[in-house]
Amino acid sequence: MSKFDKNIPYNDLPLLPPNADIETKEILRKTISAGRALAQLNGTLKNLPNPTLFLDTIYLQEAKASSEVENIITTNDELYKSLVADRKVENSATKEVLSYKEALWLGLEQLKKKPFITTTLCINIVQCIKQNSSSIRVTPGTTLSNTKGEIIYTPPSGENVIREKLANLETFINEDDTIDPLIKMALMHYQFEAIHPFADGNGRTGRILLLLYLKLSGLLDTPAIYLSEYIIKNKADYYKSLRSVTEKNDWKNYILYMLDMIEETSARGLERWNKITTVIDKTAEEIKTKLPKIYSKDLIEILFRLPYTKRQHLIDENIGNPKTVGNYLIALEENGFLKSEKVGKEKLYLNERLLKILENHYRPIKPTVNAKRCLTT
């Protein structure tokens, strides 16, 4: 392995697969438990009456969390209002989060048409995130620094070098089937972040690629998992484990971190979806009892598609004409199912039960062993 110097472009970044033992007993044991947790989440999502119902909400939450890793902060309330209300989004952080969600949808749609992760796909994703014509870095001088302003990493430099590294990554992702897919996911994520092919948006693009890979590999039919939520809460360990690969060729602790992330977020996701489906069933029964003339399965789905809804949403789903759906929303608010709020000239209706679950603060399902592990590296 070539000597790493943080101040010099890492053009000698080794190609994949790495020259290291990436299938130790500890890693393989963790792969089994992480895979089991992911399979349980996948089974739950597949058995939902309408698996696509929550997709907008899921991807907005992941977009919010992934952007927060980059210190782009907005609130759930602002985010959902901006998505539903018919008004121009003024908040720059909210704009970036909405662009991230759009980029995730774009990636999934392109994956349907061409089931490969390619350099072109990466470029399309970052352009959607940044809402510009970004492409591979061509200007030299890119460095990554810590909060003190000290250089901690200088990624490869030169368009040809970067494209060669990406070509190797593309081949590894799409053709090498000799490695367990969860281990492979960890390897590809490190490599993409180490190549750092864009001037900006690398972290968010890399986290979208994780979700696309879970879909591509068949590990998660609907990539409804908040991986970035785990990274936020274990951010120092995330960056430390990445640096340990670069500086010490320590793949083991980094792979274990990524597998911990899969296991933890899968368990957390399973808990969250069970809570949401329980609340949906309870709300449906209550509306059926209190407002039987209003109740319909379609109405319930609209109320839980996003935390906020409005009259036009009900009209678009043929629930009734403007006057009828207006009366429905009033009745739902009077009976405590919704809470109205004026946003500009519109009236939005908040499903507080759903928002409460989404805003339930992250807490580990179990103690994270990785925290101790990384501190010793």
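Above this text you will find the structure in question.
This one's a predicted model, so the numbers in the text were calculated from it and none came from an experiment.

*Asks:* Explain the sheet that holds strand E4 (residues 339-343) to me, and be specific about the residues and the numbers.
*Replies:* In space, the 3 strands of this open sheet follow the order E3-E5-E4, with antiparallel pairing throughout. Each edge of the open sheet carries a strand with a single partner, namely strand E3 (308-309) and E4. Inspection of the sheet shows E4 paired to strand E5 (residues 346-350) by 5 bridges, in the antiparallel sense. The residue bridging serine 340 from the neighbouring strand is tyrosine 349, located in E5.

*Asks:* Describe the environment of glycine 158, naming the residues involved and giving the relevant values.
*Replies:* Structurally, glycine 158 can be placed in the loop between strand E2 (151-153) and helix H6 (159-175). Residue glycine 158 is classed as partly exposed on the basis of its relative accessible area of 28%. Sequence separation between glycine 158 and glutamate 286 is 128 residues; the distance between their C-alpha atoms is 62 Å.

*Asks:* Tell me about the pattern of salt bridges, and name the residues and values.
*Replies:* As enumerated under the stated definition, the model contains 19 salt bridges in all. With a shortest N-O distance of 2.9 Å, lysine 30 and aspartate 260 are connected by a salt bridge. Residue lysine 30 is located in helix H1 (residues 25-46), and its partner aspartate 260 is located in helix H11 (residues 251-290); the two are separated by 230 residues in the primary sequence. Of the two residues, lysine 30 and aspartate 260, both sit in the buried class. Between glutamate 286 and arginine 353 there is a salt bridge, with its nearest N and O atoms 2.8 Å apart. One end of the pair, glutamate 286, is in helix H11; the other, arginine 353, is in helix H15 (residues 352-358), and 67 residues separate them in sequence. Here the salt bridges share partners, and the residues they tie into one network are Glu96, Lys130, Asp200 and Arg204.

Rules behind the numbers
The residue numbering used here restarts from 1 in each chain and proceeds along that chain's sequence as written. Selection of residues for local features in this predicted model requires a pLDDT of at least 70, selection of side-chain atom pairs for listing and counting requires 80 or more, and totals for whole chains, interfaces and linings are taken over all residues. To obtain the side-chain values, all non-hydrogen atoms of the structure were included, while hydrogens and water were left out. The pairing criterion is simple: DSSP has to find at least two bridges between the two strands. Each helix is a run of H or I in the DSSP string that is no shorter than four residues. Each strand is a run of E no shorter than two, and both are numbered from the N terminus. Residue exposure (1.4 Å probe, protein chains only): buried if accessible area is under 20% of the type maximum, exposed if over 50%, otherwise partly exposed. By definition here, a salt bridge exists when the distance from a side-chain nitrogen of Lys or Arg to a carboxyl oxygen of Asp or Glu is within 4 Å.

None of the figures reported here should be taken as evidence of function without further support.
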